[in-house]
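Single-letter residue listing:
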Amino acid sequence: MLNFYNEAAPLAILQQRALAVPMQPLVLPALARRGIELIIRRDDLIDQQMSGNKFYKLFWNLQRAKSNGVQQIASFGGAWSNHLYALAAVGQASGLKTLGVIRGDRPPVLSDTLRDVESMGMTLCFVARETYRQLTREADQYAAFQQWLVERYGDLLLVPEGGANCEGARGAMAIGQSIEQQLQGNYDEVWVAAATGTTLAGLAAGLPAGKIAGGISVLKGQGSMAADIDRLYRQLAVTDVPQSSNWRLVTGFHAGGYAKKLPEALQKFQKNFEEQHKVLLDPVYTLKLFFAISSLAQAGYWAAGTRLVVVHSGGLQGRRGFAQ
Ligand SMILES: *Cc1c(COP(=O)(O)O)cnc(C)c1O
């Protein structure tokens, strides 16, 4: 597995990995009927454990830990967190200690994901709900939480839940940059699932002028997602990026947010998609993404001749949370 913590030339490594990600034409009936082309970008294949967009979002956070001389990275996540899973894998590969902070008491039986991260060497820190509330009530919630954690676990770098910071978005720029190189400009828009919107912001900043980045929100309430994307985008977009932002966020396809029960239409779509294309989807992110793309196409969202790239952002370990 890749040990990118110890790389001397990290950017070259990141770009090389991003350029090696397969891009495959994929026929979805709703798109084909309208003359829309689709290429799937298989970031689910970028790494066995640091799957999909979490690979990119952790990349510069790791480098930051390294340049700060910090030997431990902590972050937040839930029972089926792809982010904690990727972080644990990063720690195992790079020799860094990792700490997973989870809201609530330790359950008698851990989820498969939490059991896996522990076996990869991550320390789990269950924080009582009331304490968690207090620590995140502060104006700068990360500073308060960081201090609380440092007192208990020693020096560490605290990464926001989902890798939602500027380093995270900066890593995702490599997705846009490599798509441009791989396709030599022969595409119009790139779509991705969005939860914190960090990947979308980086993707948008990584694309050249004239190309559009689109996000399908998987969350029920939008919260501050659009504002967060805008802030990250502006931090990253240095040159060659259009003044007016080149990203869109589409809502309404959350299907209950992180809810455990999928509507029947989505279940059916998943079954057909996986059987036909031999590509697995996860119910929280990429299933909603492809379902939304298909529905939007059907509703006439894109003109005939539009060439779409859809990013498979990985996260398949989280499927286990949906089994049965
Ligand atoms: C975490 C995750 C996302 C959401 O990414 P954001 O940058 O938070 O918007 C999308 N897809 C998968 C598979 C994920 O694990």
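Computed from a predicted model, the values in this text were never measured in an experiment.

Enquirer: Looking at this structure, I do not really get the sheet that holds strand S8 (residues 212-217). What am I missing?
Expert: Sheets are built from strands that pair by backbone hydrogen bonding, the pairs being arranged parallel or antiparallel. A sheet is described by the order of its strands in space; here six strands give the open sequence S1-S2-S10-S7-S8-S9, paired in mixed fashion. Among the strands making up the open sheet, the edge pair consists of strand S1 (23-25) and strand S9 (247-250). Adjacent strand axes in the sheet meet at a mean angle of 25°, parallel and antiparallel pairs treated alike. As judged from the four bridges shared by S8 and S9, these two strands associate in the parallel manner.

Enquirer: Any chance you could explain the site of the ligand here in plain terms?
Expert: Every one of the 15 residues lining the ligand counts as a neighbour, but Lys-54, Ala-195, Thr-196, Thr-199 and Ser-313 are closest to it. In the model, an oxygen atom of the ligand is placed 3.0 Å from a nitrogen or oxygen of the Asn-53 side chain. Contacts to the ligand include Ala-195, whose backbone N or O atom sits 2.7 Å from an oxygen atom. Coverage of the ligand by the protein chains reaches 98% of its 390 Å² of free accessible surface. Per-element tally for the shell around the ligand: the top contributor is helix H3 (residues 53-67), with three residues. Here the residues of the shell around the ligand sort into four nonpolar, nine polar and two charged.

Enquirer: Help me out: how do you make sense of the sheet that holds strand S6 (residues 157-159) in this one?
Expert: With parallel pairing, the four strands of this open sheet are ordered in space as S5-S4-S3-S6. At either margin of the open sheet sits one strand with a lone partner, and together these are strand S5 (123-127) and S6. Shown here is a sheet whose adjacent strand axes are inclined to one another by a mean of 25°, direction ignored. Relative to S5, strand S4 (residues 97-103) runs parallel, the two being bridged by five bridges. Bridging from a neighbouring strand, Ile-102 pairs with Phe-126 of S5. Contacting strand S3 (72-76), S4 and S6, helix H4 (residues 82-94) runs over the sheet at an angle of about 170° to S3.

Enquirer: Would you mind showing me how to read the packing of aromatic side chains here?
Expert: All told, the structure shown has 14 aromatic pairs when counted by the stated rule. Centroid distance Tyr-301 to Trp-302: 4.9 Å. Interplanar angle 75°. Geometry classified as edge-to-face. Residue Tyr-301 is classed as partly exposed on the basis of its relative accessible area, which comes to 39%. The structure contains a cluster of three or more aromatic residues connected by ring pairs, namely Phe-76, Tyr-132, Tyr-142, Phe-145 and Trp-148. Here the basic side chain of Lys-54 rests over the ring of Tyr-285, its NZ or CZ set 5.5 Å away from the ring centre.

Enquirer: Help me out: how do you make sense of helix H7 (residues 141-153) in this one?
Expert: Note on helix geometry: an α-helix contains 3.6 residues per turn, so any two residues three or four positions apart are oriented the same way. A rise of 1.5 Å per residue sets the reference length of H7, with its 13 residues, at 18 Å; its end C-alpha atoms lie 18 Å apart and thus fit the reference within 8%. Listed as buried for H7 are Ala-144, Phe-145, Trp-148 and Leu-149. For H7, the buried positions fall inside an angular range of 125° around the axis, keeping them on one side. Of the residues in H7, the exposed ones pointing more than 90 degrees away from the buried face are Gln-147 and Glu-151. Those residues of H7 hidden inside the fold are in contact with S3, S4, S5, helix H6 (129-137) and S6.

About the cut-offs
Residues numbered from 1 in each chain as written. Predicted model: local features only at pLDDT ≥ 70, side-chain atom pairs only at ≥ 80, totals over all residues. Heavy atoms only, no water. Pairing = 2+ DSSP bridges. Helix = DSSP H or I, 4+ residues; strand = E, 2+ residues; numbered from the N terminus. Axes fitted to C-alpha atoms, helices over the stretch in contact; angles between N-to-C directions. Near = heavy atom within 4 Å. Polar contact = N/O pair within 3.5 Å; in protein donor to acceptor, adjacent residues only side chain to side chain. Areas by Shrake-Rupley, 256 points an atom, 1.4 Å probe, with all protein chains shown as cover. Nonpolar A, V, L, I, M, F, W, Y, C, P; charged D, E, K, R; others polar. Contact = heavy atoms within 4.5 Å. Phe/Tyr/Trp six-rings, centres within 6.5 Å; stacked < 30°, edge-to-face > 60°. Buried < 20%, exposed > 50% of the residue type's maximum accessible area, 1.4 Å probe, protein only. Lys NZ or Arg CZ within 6 Å of the ring centre and 35° of its normal. Expected span 1.5 Å × (residues − 1). Arc of directions from axis to C-beta.

Treat this as a map of the structure, not an account of what it does.
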